[in-house]
Amino acid sequence: SVTIPDSVTSIGDAAFYKCSALRSVTIGDSVTHISNYAFKYCAALQSVTIGDSVTNIGKEAFQSCTALQSITIPDSVTSIDERAFIECSALQSVTIGDSVTSIGVQAFYGCSALHTVTMGNSVTIIRDEAFRHCGALQSINIPDSVTNILGSAFWECSSLQSITIPDSVVGISPNVFFNCTSLHTLVIGNGATNMGNNAFKQCSALVNLTLGNSLTEIGSAGFKDCSSL
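First things first, this report covers the structure right here in the doc.

Some points on the pairing of strand E15 (residues 162–165)
For step 1, the next point in the chain: Here E15 shows a buried face lined by Ile163 and Ile165 and an unburied face lined by Ser162 and Thr164.
For step 2, the next point in the chain: Looking at chain direction, E15 and strand E17 (residues 185–188) are connected through 4 bridges and run parallel. Pairing of isoleucine 165 across the sheet is with isoleucine 188, part of E17.

Here is the structure:
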């Protein structure tokens, strides 16, 4: 286990890369930045406590930490960079603090055990493939701060059962909920004006659908193979 003292202000690139026996990390309250690859491939890492001074979690910072089961991202953090937690296959719950504005590309891609995500009220954009292949995810709150959900963000979240897209969302990109085969209830808010190609393709359990009154365009194969509709 490692406790990073309050004298440390930054954890540099690949600082603990492939420390394969590391089980526990406590990050002190003076660290402001967890840099790229900082804990990548720490396969035994089960517990991470992130101090309230951290503002950014870098690219691939915790990639393939396959023993990590939960993470709380404090309110001090404003961005989660691309692939920050990609392929953390034991990760079951994530709490995203109220200052995070952006969830990066593939941030939680392939977190196959992830079933609970609590998203803070400052997120404005969920980037491409952010939660793709999160097959255990049953529900997610999309806060009213979100304006864009980008391509393939929830592709093959095969346990996702219902989703409400708030009025704040103005665009739904292609493939966003492609092959979400358990999705039975979908509400698209009144802010969305367009829906991309294949956005809800192969959502074969979808039976309850509400479309917002600002929608002017439904992309090609938008609801193709939604055989329960």
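Some thoughts on the sheet that holds E17
For step 1, the next point in the chain: Here 3 strands make up an open sheet; going across it, the order is E15-E17-E19 and the pairing parallel. Two strands bound the open sheet, and with one partner strand each, they are E15 and strand E19 (208–210). Within this sheet the neighbouring strands show an average axis-to-axis angle of 0 degrees, counted without direction.
For step 2, the next point in the chain: Direction of pairing for E17 relative to E19: parallel, over a ladder of 3 bridges. The partner of valine 187 across the bridge, within E19, is threonine 210.

Focus on the side chain of asparagine 56
For step 1, the next point in the chain: Here asparagine 56 lies in strand E6 (residues 56–57).
For step 2, the next point in the chain: Judged by relative accessible area, asparagine 56 falls into the buried class, the value being 11%.
For step 3, the next point in the chain: A polar atom in the side chain of asparagine 56 sits 2.6 Å from the side chain of serine 79.
For step 4, the next point in the chain: Every residue in contact with asparagine 56, bar those within four places of it in the chain, is listed here: Thr32, His33, Ile34, Ser79 and Asp81.

Some details on the sheet that holds strand E9 (residues 93–96)
For step 1, the next point in the chain: Ordered in space as E7-E9-E11-E13, the 4 strands form an open sheet in which the pairing is parallel. Two strands lie at the open edges of the sheet, namely strand E7 (70–73) and strand E13 (139–140), each paired on one side alone.
For step 2, the next point in the chain: Pairing of strand E11 (residues 116–118) with E13, which is carried by 2 bridges, proceeds in the parallel orientation. Each bridged residue has a counterpart across the sheet, and for valine 117 the counterpart in E13 is isoleucine 140.

Definitions and cut-offs
Residues numbered from 1 in each chain as written. Predicted model: local features only at pLDDT ≥ 70, side-chain atom pairs only at ≥ 80, totals over all residues. Heavy atoms only, no water. Buried < 20%, exposed > 50% of the residue type's maximum accessible area, 1.4 Å probe, protein only. Helix = DSSP H or I, 4+ residues; strand = E, 2+ residues; numbered from the N terminus. Pairing = 2+ DSSP bridges. Axes fitted to C-alpha atoms, helices over the stretch in contact; angles between N-to-C directions. Polar contact = N/O pair within 3.5 Å; in protein donor to acceptor, adjacent residues only side chain to side chain. Contact = heavy atoms within 4.5 Å.

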